[in-house]
Amino acid sequence: MTGANELTRRLDAGPVICAEGFLFELERRGYLTAGEFVPEVALENPEALRGLHVDFQRAGSDIVEAFTYNGHREKMRVIGKEDLLEPLNRAALRIARDVADQVPGNLVAGNISNTNIWDPNSAAAQTEVRGMFEEMVGWAVEEGADIIVAETFYYAGEALAALEVAKASGLPVVSMLAPMAANELMDGVGIVDTAQQLEQAGADVVGLNCFRGPQTMMPWLREIREAVSCHVGALPVPYRTTPEEPTFFNLSDVAASVPSPHGRTFPTALDPLYTNRYEIRAFAEEAHGLGVNFLGVCCGAAPIHIREVAEAVGLTPPASRFSENMANHFMYGSNERLPEHIKGLGENA
């Protein structure tokens, strides 16, 4: 385990890339169930999880985040597998540690997140949530995590509770909010106000992850960057959210000839609403220009998106060996060996 100041030292020196998006990508690959989105893959198909970590790592991720999102006690109760809670968490953490150790300087992040049972009006629910955070953070510390990422919080109170538990570990903490369409946290607290509270409570990084794509995350990111003095994080989803449809929960697709059976594009019919790789690059460039150094992409991310983020801030990860080279494309390349009559087909293809 690296020193407690390693994260901020790295961020002081420049950008740090953190890949997320395991839920969607592993569901697409056939290793977990959409809707439930429980990370049983860590136990059932550990090589699939390891492979995705490696792909993200090759694409430029400096942080190997243990895939324990939704791996909390309440979610395991919902699917009737509470007995797998600790084995799942430890397996995910060990896989992350093993992958990170293959690349000098990589950090392992333990992960805690929204529990879906936080209730601002229930002391009992809040106590239960704290207990879930405490056991997950405890396992992360025991398995050698370097930092804790506490993320995807849409209640200010839950974000602050998660930070308090994570800080007690002695590890650096990244604290990330995920505002829904109301443009405030669901307990009525302002987004920027909550970011400031998290900074004051000791978060090493505050910021935004998930739910919002580049267009609807960036305005809030600017405000947070101006309002806090600590490091700021930004991990959007790679979908074209708009002011009218600010999160991927409410994106519509009027062109779909076969709509999803549950009536919404989220989470299984979002494919036509992807940003392209260049939009992700542009977001990363703009965010970095604001002074945001903790960067990545969340649900929907594939390794290509992480490579775009890394290259946008001047990094050259191993996967950059295969960055596009259209000069040799058969139809619209510039290589002298390409026949003019074939290149000419590009106008009518």
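On a predicted model such as this, the values are computed, not experimentally measured, just so you know.

Reading guide: rules and limits
Residues numbered from 1 in each chain as written. Predicted model: local features only at pLDDT ≥ 70, side-chain atom pairs only at ≥ 80, totals over all residues. Heavy atoms only, no water. Phe/Tyr/Trp six-rings, centres within 6.5 Å; stacked < 30°, edge-to-face > 60°. Helix = DSSP H or I, 4+ residues; strand = E, 2+ residues; numbered from the N terminus. Buried < 20%, exposed > 50% of the residue type's maximum accessible area, 1.4 Å probe, protein only. Pairing = 2+ DSSP bridges. Right-handed = clockwise from strand over helix to strand, strands pointing away. Contact = heavy atoms within 4.5 Å. Polar contact = N/O pair within 3.5 Å; in protein donor to acceptor, adjacent residues only side chain to side chain. Axes fitted to C-alpha atoms, helices over the stretch in contact; angles between N-to-C directions. Parallel < 35°, antiparallel > 145°, perpendicular 65-115°, else oblique. Left-handed = near helix turned anticlockwise from the far one by under 90°. Nonpolar A, V, L, I, M, F, W, Y, C, P; charged D, E, K, R; others polar. Core = buried A, V, L, I, M, F, W, Y, C linked by side-chain atoms within 4.5 Å. 1 Å grid on protein atoms, 1.4 Å probe; cavity = no way out; pocket = protein on both sides within 12 Å on 5 of 7 lines; lining within 4 Å. Points joined across faces, edges and corners; volume = space filled by probe spheres on them. Salt bridge = Lys/Arg side-chain N within 4 Å of Asp/Glu carboxyl O.

Novice: Could you clarify how one ought to interpret the packing of aromatic side chains in this entry?
Specialist: For any two aromatic rings, the description comes down to two numbers: the centre-to-centre distance and the angle of the planes. This structure, assessed with the given rule, holds 15 aromatic pairs. Ring geometry for Phe24 versus Phe248: centroids 6.0 Å apart, planes at 20°, classification stacked. Note that Phe24 is positioned in helix α2 (residues 22-28) and Phe248 in the loop between β7 (231-235) and α11 (277-289), a separation of 224 residues in sequence. With respect to class, Phe24 is no different from Phe248; both count as buried.

Novice: Would you mind going over the pairing of strand β6 (residues 205-209) with me for this structure?
Specialist: Side chains on a regular strand alternate between the two faces of the sheet. When you tally the buried positions in β6, you get five out of five residues, the bulk of the element. Side-chain alternation along β6 places Val205, Gly207 and Asn209 on one buried face and Val206 and Leu208 on a second face that is also buried. Judged from the four bridges that link them, strand β5 (residues 173-177) and β6 form a sheet pairing that is parallel. Residue pairing for β6: Met176 is matched across the bridge by Gly207. Each parallel crossover has a hand, and for β5 linked through helix α9 (residues 191-200) to β6 it is right-handed. As paired strands, β6 and β7 are joined by five bridges and run parallel to one another. Its bridge partner being in β7, Val206 is matched across the sheet by Val232. Between the parallel elements β6 and β7, the chain passes through helix α10 (residues 214-227) in a crossover that is right-handed.

Novice: Whenever I open this one, the environment of Gly60 confuses me. Can you help?
Specialist: Position of Gly60 among the secondary structure elements: in the loop between α4 (46-59) and β2 (63-65). With a relative accessible area of 11%, Gly60 lands in the buried category. Each residue touching Gly60, except ones within four places of it in the same chain, is listed here: Ile17, Ile306, Ala310 and Pro317.

Novice: Would you take a moment to explain the environment of Lys81 for this structure?
Specialist: Relative to the helices and strands, Lys81 resides in the loop between α5 (73-78) and α6 (85-100). Residues Lys81 and Arg277 lie 196 residues apart in sequence; the distance between their C-alpha atoms is 38 Å. The contact partners of Lys81, leaving out residues within four places of it in the chain, are Glu40, Glu44 and Met76. A distance of 2.6 Å separates a polar atom in the side chain of Lys81 from a polar atom in the side chain of Glu40.

Novice: Would you take a moment to explain the packing of α9 against α10 for this structure?
Specialist: The geometry of a pair of packed helices is captured by two quantities: the angle between their axes and the separation between those axes. Between α9 and α10, the shortest axis-to-axis distance is 9 Å and the interhelical angle comes to 40°. By the criterion of interaxial angle, the relationship of α9 to α10 is oblique. The chirality of how α9 crosses α10 is right-handed. Side by side, α9 and α10 meet where Ile191, Val192, Ala195, Gln196 and Glu199 of the first sit next to Trp220, Glu223, Ile224 and Ala227 of the second. Looking at the contact of α9 with α10 residue by residue, the classes come out as six nonpolar, one polar and two charged.

Novice: Can you help me understand the side chain of Asn111 in this one?
Specialist: Its place among the elements puts Asn111 in strand β3 (residues 107-113). According to the relative accessible area criterion, Asn111 is buried, its value standing at 4%. Within polar-contact distance, the side chain of Asn111 engages the backbone nitrogen of Tyr69 at 3.5 Å. In this structure Asn111 touches Glu65, Ala66, Thr68, Tyr69, Met136, Val149 and Glu151, once residues within four positions along its chain are discounted.

Novice: What am I meant to see in unusual backbone geometry here?
Specialist: Most peptide bonds take the trans form, and the phi angle of most residues other than glycine is negative. With an omega dihedral of 0°, the bond running from Phe266 to Pro267 counts as a cis peptide bond. Positive phi, normally seen in glycine, also occurs at Asn116, with a value near 70°. Looking at where Asn116 falls in the secondary structure, it is placed in the loop between β3 and α7 (123-142). Here Asn116 falls in the partly exposed class, since its relative accessible area comes to 46%.

Novice: Please clarify how the nonpolar core should be interpreted in this entry.
Specialist: For soluble globular proteins, the rule of thumb is that nonpolar side chains tend to be buried together. One finds Phe67, Ile224, Phe248 and Phe294 to be the most contacted residues of the largest nonpolar core, which totals 112 residues. A per-element tally of this core places α6 first, with nine residues. Not counting residues within four places of it along the chain, the set of residues in contact with Phe294 comprises Leu7, Leu11, Val16, Cys18, Ile63, Val174, Val205, Val232, Gly233, Ala234 and Leu235.

Novice: Can you help me understand empty space enclosed by the protein in this one?
Specialist: Rolling a probe over the atoms, with the probe sized like a water molecule, indicates the empty space that remains. According to the stated counting rule, one finds three cavities of 30 Å³ or more in the structure shown. One number sums up the size of the largest cavity: a volume of about 120 Å³. Secondary structure elements with two or more residues in the lining of the largest cavity: α2 and β4 (147-153). Split by residue class, the lining of the largest cavity holds eight nonpolar, five polar and three charged.

Novice: Got a minute to help me understand the pattern of salt bridges in this structure?
Specialist: Scanning the entire structure with this criterion turns up 26 salt bridges. Put simply, Arg90 and Glu142 hold a salt bridge, and the shortest N to O gap is 2.4 Å. Note that Arg90 is positioned in helix α6 and Glu142 in helix α7, a separation of 52 residues in sequence. We note a salt bridge from Arg222 to Glu286, for which the minimum N-O separation is 2.6 Å. Residue Arg222 is located in helix α10, and its partner Glu286 is located in helix α11; the two are separated by 64 residues in the primary sequence. Through salt bridges with shared partners, a single ionic network connects Arg73, Glu74, Arg77, Glu82, Glu128 and Glu135.

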